Amino acid sequence: MAKVYAIISGKGGVGKTTSAVNLGTCLNHLGEDVIIVDANLTTPNVGIHLGAPIVPITLNHALNNQAKFEDAIYEHETGTKIMPASLSLRETEKINYKKFPELINKIKKLTNIVLIDCAAGLGEEARAAIDSCDEVIIITNPEMAAVTDALKTIKLAEE
């Protein structure tokens with residue numbers, strides 16, 4: 001069964017998405033089967049980073065039971081698989097974050113590694129990702145606000 005890593009920080013703009021995309025692409029290049037899930041449902045960027053900003057079926061559709069989760073997984077030209085979230089704010093209004101761990105359990109059956117690119121902050125989106133993962137990778141910058149938020153994230157993950 002796959003190993004699931006949440007790439008997280010309490011602070012925005014510290015490089016979570018860049019880290020998730022680079023790590024996923026590198027692991028794929030080394031022969032690992034990887035799916036990067038954009039769990040930043042309010043401000044997703046994985047699809048933008050990999051040239052798929054708008055796709056017909058997204059993580060949002062899978063969480064809302066509007067589509068099969070398998071149909072929300074796309075393969076980038078590098079071979080790295082992604083599950084982008086929708087750029088539409090309207091589609092975030094009806095998300096049930098409690099379904100996220102169940103969805104991640106289904107994704108785990110399709111791959112070796114799941115990287116969850118988390119939202120900034122420590123709200124429902126981030127908590128759902130923490131509840132779904134085996135390991136947490138904290139991303140921070142050498143500035144007081146980022147380090148303080150990283151420490152809060154560690155505390156939340158430990159709880």
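The structure reproduced in this document is the subject of the present report. (Residues numbered from 1 in each chain as written. Predicted model: local features only at pLDDT ≥ 70, side-chain atom pairs only at ≥ 80, totals over all residues. Heavy atoms only, no water.)

1. Notes on the overall build of the protein
Working step 1: Regarding its fold elements, the protein presents six helices and six strands.
Working step 2: Along the protein, helices and strands appear, N-terminal first, in the series β-α-β-α-α-β-β-α-β-α-β-α.
Working step 3: Rg of the C-alpha trace for the protein: 14 Å, near the compact-globule value of 15 Å for 159 residues, within the 12% margin.
Working step 4: When its C-alpha atoms are laid out on the principal axes, the protein stretches across 40 × 40 × 30 Å.
Working step 5: In the protein, of all internal contacts separated by at least 6 residues, the share reaching a separation of at least 24 is 77%.
Working step 6: Surface accessibility of the protein: about 7,900 Å² in total, with carbon and sulfur atoms responsible for 51%. (Helix = DSSP H or I, 4+ residues; strand = E, 2+ residues; numbered from the N terminus. Rg over C-alpha atoms; globule rule 2.2 N^0.38 Å. Contact = heavy atoms within 4.5 Å. Areas by Shrake-Rupley, 256 points an atom, 1.4 Å probe, with all protein chains shown as cover.)

2. Here we look at the side chain of Asn 60
Working step 1: For Asn 60, the location among the structural elements is in helix H3 (residues 59-63).
Working step 2: By relative accessible area, which is 0% here, Asn 60 ends up buried.
Working step 3: Apart from the residues within four sequence positions on either side, Asn 60 is in contact with Leu 41, Gln 66, Ala 85, Ser 86, Glu 91, Thr 92 and Ile 95. (Buried < 20%, exposed > 50% of the residue type's maximum accessible area, 1.4 Å probe, protein only.)

3. Describing the nonpolar core
Working step 1: Ranked by internal contacts, the top residues of the largest apolar core, which has 31 residues, are Val 37, Met 83, Phe 100, Ile 107 and Ile 116.
Working step 2: At the level of elements, strand E1 (3-8), strand E2 (34-38), H3, helix H4 (100-108), strand E5 (113-117) and helix H5 (124-132) are the ones that each hand at least two residues to this core.
Working step 3: With residues near it in sequence (within four places) discarded, Ile 116 still touches Val 4, Tyr 5, Ala 6, Ile 7, Val 37, Ala 39, Phe 100, Ile 104, Ala 129 and Ser 132.
Working step 4: Within the second largest apolar cluster, 15 residues are counted, among which are Val 14, Ala 52, Ile 82 and Ile 113. (Core = buried A, V, L, I, M, F, W, Y, C linked by side-chain atoms within 4.5 Å.)

4. Topic: the environment of Ile 35
Working step 1: Along the chain, the position of Ile 35 falls in strand E2.
Working step 2: According to the relative accessible area criterion, Ile 35 is buried, its value standing at 2%.
Working step 3: When residues no more than four places from it in sequence are discounted, the contact partners of Ile 35 are Ile 73, Lys 81, Met 83, Ile 107, Leu 110, Thr 111, Ile 113, Val 114 and Leu 115.

5. Thoughts on H4
Working step 1: Considered for burial, the residues of H4 that qualify are Phe 100, Leu 103, Ile 104, Ile 107 and Lys 108. Buried residues in H4, looked at end-on, bunch into an arc of 145°, giving them a common side. (Arc of directions from axis to C-beta.)

6. Quick look at the environment of Asp 117
Working step 1: Relative to the elements of secondary structure, Asp 117 occurs in strand E5.
Working step 2: The spatial distance from the C-alpha of Asp 117 to the C-alpha of Ser 19 is 8.6 Å, given a sequence separation of 98 residues.
Working step 3: Apart from residues no more than four positions distant in its own chain, Asp 117 is found in contact with Ile 7, Lys 16, Thr 17, Ala 20, Val 37, Asp 38, Ala 39, Asn 40 and Val 46.
Working step 4: Here the side chain of Asp 117 touches Thr 17 through a polar contact of 2.7 Å, side chain to side chain. (Polar contact = N/O pair within 3.5 Å; in protein donor to acceptor, adjacent residues only side chain to side chain.)

7. Things to note about unusual backbone geometry
Working step 1: Phi is positive for Asn 65, close to 55°, though the residue is something other than glycine.
Working step 2: Summarising the element assignment, Asn 65 is placed in the loop between H3 and strand E3 (74-75).

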